[in-house]
Amino acid sequence: MSPGGHHRRHGVTRHGEPMSEAQGFIAMYPDTARWYVRCVACGREGHDPALPYESIGGAQLARIVGPLELDDRLLCEQCGAAVDRRIHWRDP
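Numbers given to residues run from 1 along each chain, matching the order in which its sequence is written. Given that the model is predicted, a residue must reach a pLDDT of at least 70 before its local features are reported, and side-chain atom pairs must reach 80 or more before they are shown or counted; all residues, however, enter totals for whole chains, interfaces and linings. Hydrogens and water molecules were not included; the side-chain quantities draw on all heavy atoms of the structure.

A.B. asks: Help me understand the environment of S20 in this model?
C.D. replies: Here S20 lies in the segment before α1 (21-28). A C-alpha to C-alpha distance of 9.1 Å links S20 and E45, two positions 25 residues apart in sequence. Every helix listed is a DSSP run of H or I at least four residues long, and every strand listed is a run of E at least two residues long, numbered separately from the N terminus.

A.B. asks: Help me understand the nonpolar core in this model?
C.D. replies: The tendency in soluble globular proteins is for nonpolar side chains to be buried side by side. The set of buried Ala, Val, Leu, Ile, Met, Phe, Trp, Tyr and Cys residues whose side-chain atoms join them within 4.5 Å is what this entry labels a nonpolar core. Only protein chains enter the accessibility calculation, which uses a 1.4 Å probe; a residue is then buried when its area is under 20% of its type maximum, exposed when over 50%, and partly exposed in between. One finds A22, F25, I26, W35, Y36, L51, L61, A62 and V65 forming the largest nonpolar core, which totals 9 residues. Counting only elements with at least two residues in this core, the list comes to α1 and α2 (58-64). What makes two residues a contact is simply this: any of their non-hydrogen atoms within 4.5 Å. Excluding residues that lie within four positions of it along the chain, A22 makes contacts with Y36, E45, I64 and V65. Residues V37, C39, L68 and C76 belong to the second largest nonpolar core, which totals 6 residues.

A.B. asks: What should I look at first to understand the side chain of H47 in this one?
C.D. replies: Relative to the elements of secondary structure, H47 occurs in strand β2 (residues 45-47). With a relative accessible area of 0%, H47 lands in the buried category. With residues up to four places along the chain from it excluded, the contact list for H47 reads W35, V37, Y53, L61, A62, V65, G66, P67 and L68.

Right under this line is the structure:
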């Protein structure tokens, strides 16, 4: 049982959504979680480009998801550009 007293089902996030392959891998190898990144706008998954492939699980995480660089807003390149265009469009 989890601390909240609820059973956690394997393969399901805490919100009841199915886990992606990367999330399932991270659940098994929690040390790799710091290298997993996800765009907050579109949900695209990837790994930090600085991932050390020689680390435990590093090479396998890289095979599951590709590199994904996020900006300081935690947006991928496409979402960041879309937000910037929208902000620029609204500027007086």
